[in-house]
Amino acid sequence: MLPSESYRQINSTIPQHVTLIAVSKNHSSSAIKDVYHAGCRDFGENKVQELIQKNAELPEDIKWHMIGHLQTNKVKYIVPFTYLIHSVDSIKLLLEINKEASKIGKIQNCLIQFHIAKEETKYGFSLDEANTLFNMELIQNCKNISICGVMGMASFTDDELIIRNEFRSLKHMYESFKKQYNNILPHFNQISMGMSSDFHIAIEEGSTMVRIGSTIFGQRNYSNI
Ligand SMILES: *Cc1c(COP(=O)(O)O)cnc(C)c1O
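What you are looking at is a predicted structure, and each value in this text was computed from that prediction instead of being measured. (Residues numbered from 1 in each chain as written. Predicted model: local features only at pLDDT ≥ 70, side-chain atom pairs only at ≥ 80, totals over all residues. Heavy atoms only, no water.)

J.: What exactly am I supposed to notice about the packing of aromatic side chains here?
T.: Counted under the stated rule, the structure contains seven aromatic pairs. Taking 6.2 Å as the distance between ring centres and 75° as the angle between the ring planes, the aromatic pair formed by phenylalanine 114 and phenylalanine 177 counts as edge-to-face. Of this pair, phenylalanine 114 sits in the loop between strand E5 (108-113) and helix H6 (127-133) while phenylalanine 177 sits in helix H8 (residues 160-181), and the two are 63 residues apart along the sequence. Each member of the pair phenylalanine 114 and phenylalanine 177 is classed as buried. Judged by centre distance (5.2 Å) and plane angle (85°), the ring pair of phenylalanine 134 and phenylalanine 177 falls under edge-to-face. In this pair, phenylalanine 134 is assigned in the loop between H6 and helix H7 (136-141) and phenylalanine 177 in helix H8, connecting sequence segments 43 residues apart. Note on phenylalanine 134: relative accessible area 2%, which makes it buried. A residue is classified by how much of its surface remains accessible, and phenylalanine 177, at 2% relative accessible area, is buried. One aromatic cluster is present, built from ring pairs that chain together Phe114, Phe125, Phe134, Tyr174, Phe177, Tyr181 and Phe188. Directly above the ring of tyrosine 36 sits arginine 41, whose terminal nitrogen or CZ lies 3.6 Å from the centroid. Sitting over the ring of tyrosine 83, lysine 63 keeps its end group 5.1 Å from the ring centre. (Phe/Tyr/Trp six-rings, centres within 6.5 Å; stacked < 30°, edge-to-face > 60°. Helix = DSSP H or I, 4+ residues; strand = E, 2+ residues; numbered from the N terminus. Buried < 20%, exposed > 50% of the residue type's maximum accessible area, 1.4 Å probe, protein only. Lys NZ or Arg CZ within 6 Å of the ring centre and 35° of its normal.)

Next up, the structure:
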């Protein structure tokens, strides 16, 4: 099946209020164009180099989503054109994004990544960390950042109950954060959760953005770009 056909099929089954982000990492610009022509404008990448290259090659009205771990020294390369950074996993990174965005007079949309999976290796804040690290002053000082919501990844497991509980915990973190900062975060509306294997569960648990790669583009071929 062509990527565009898979995209249409998935897009027709998800609710209107959920944004489908086509995760195009390790896939060619021509595969992206195929999905673009089916109407998709939101694409996700997890590597800075690949994101820069594809941004240069592809139409300007694409909304690029950075979904992978981002090193502070690479922030400056992607802020000029990235629509939404999903993977803010440290205060240091938040401050760096704010600095680079202020240099070019941009308000950069960001999500706070929360750690919800059992795996030790996943990046992101715990709720306790977020409660101690974030405060009114910090958020108000980051004038060039719009914190639009939260992002998280569930454990790599077949156990639906574990996945569902992890998504539910992200929803709770979202609500807790929103309640605390409601008056200073007017755009805090998004919950980015759900991938190819678990997006149905994520949507049931309140996801507003699903990040789908292999179900649209097929298996990632690490030699085709
Ligand atoms: C690769 C990736 C996805 C998409 O994964 P699929 O299983 O291919 O749908 C979603 N989110 C993040 C953060 C990713 O790195």
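This is not the end of the story, as more comes after the structure.
J.: Just checking my understanding: could you explain the packing of helix H1 (residues 3-13) against helix H2 (residues 29-37) for this structure?
T.: In a packed pair of helices, the relevant descriptors are the angle between the two axes and the axis-to-axis distance. Between H1 and H2, the least distance of the axes is 8 Å, while the angle of their chain directions is 40°. The orientation of H1 relative to H2 falls into the category oblique. The element H1 and its partner H2 pack so that their crossing is right-handed. Here Pro3, Ser4, Tyr7 and Arg8 of H1 lie close against H2, whose contacting residues are Ala31, Asp34, Val35 and His37. Split by residue class, the contact of H1 with H2 holds four nonpolar, two polar and two charged. (Axes fitted to C-alpha atoms, helices over the stretch in contact; angles between N-to-C directions. Parallel < 35°, antiparallel > 145°, perpendicular 65-115°, else oblique. Left-handed = near helix turned anticlockwise from the far one by under 90°. Contact = heavy atoms within 4.5 Å. Nonpolar A, V, L, I, M, F, W, Y, C, P; charged D, E, K, R; others polar.)

J.: Can you walk me through the nonpolar core in this structure?
T.: Generally speaking, nonpolar side chains in soluble globular proteins are found buried as a group. In terms of nonpolar packing, the biggest core is built from 64 residues, with Phe43, Ile97, Phe114, Phe134 and Ile216 touching the most fellow members. Per element, the largest residue contribution to this core is seven residues, and it comes from H8. When near neighbours in sequence (up to four residues on either side) are disregarded, phenylalanine 114 contacts Tyr123, Gly124, Phe125, Ser126, Leu127, Ala130, Val150, Met151, Gly152, Leu170, Met173 and Phe177. Core analysis: the next-biggest nonpolar cluster, separate from the first, contains six residues, Ile21, Leu84, Leu111 and Met209 among them. (Core = buried A, V, L, I, M, F, W, Y, C linked by side-chain atoms within 4.5 Å.)

J.: What should I look at first to understand the pairing of E5 in this one?
T.: Note on strand geometry: in a regular strand, side chains alternate between the two faces of the sheet. In terms of burial, E5 is a largely internal element, six of the six residues being buried. In E5, alternate side chains face the same way, and those of Gln108, Cys110 and Ile112 on one face and Asn109, Leu111 and Gln113 on the other are all buried. Bridge count between strand E4 (residues 84-88) and E5: three bridges; the pairing is parallel. Residue pairing in the sheet places leucine 84 in a bridge with asparagine 109 of E5. In this sheet, strand E6 (residues 145-151) lies alongside E5 in parallel orientation, the contact comprising six bridges. In the sheet register, glutamine 113 faces E6, and the bridge partner there is methionine 151. (Pairing = 2+ DSSP bridges.)

Any link to function would need more than the numbers given here.
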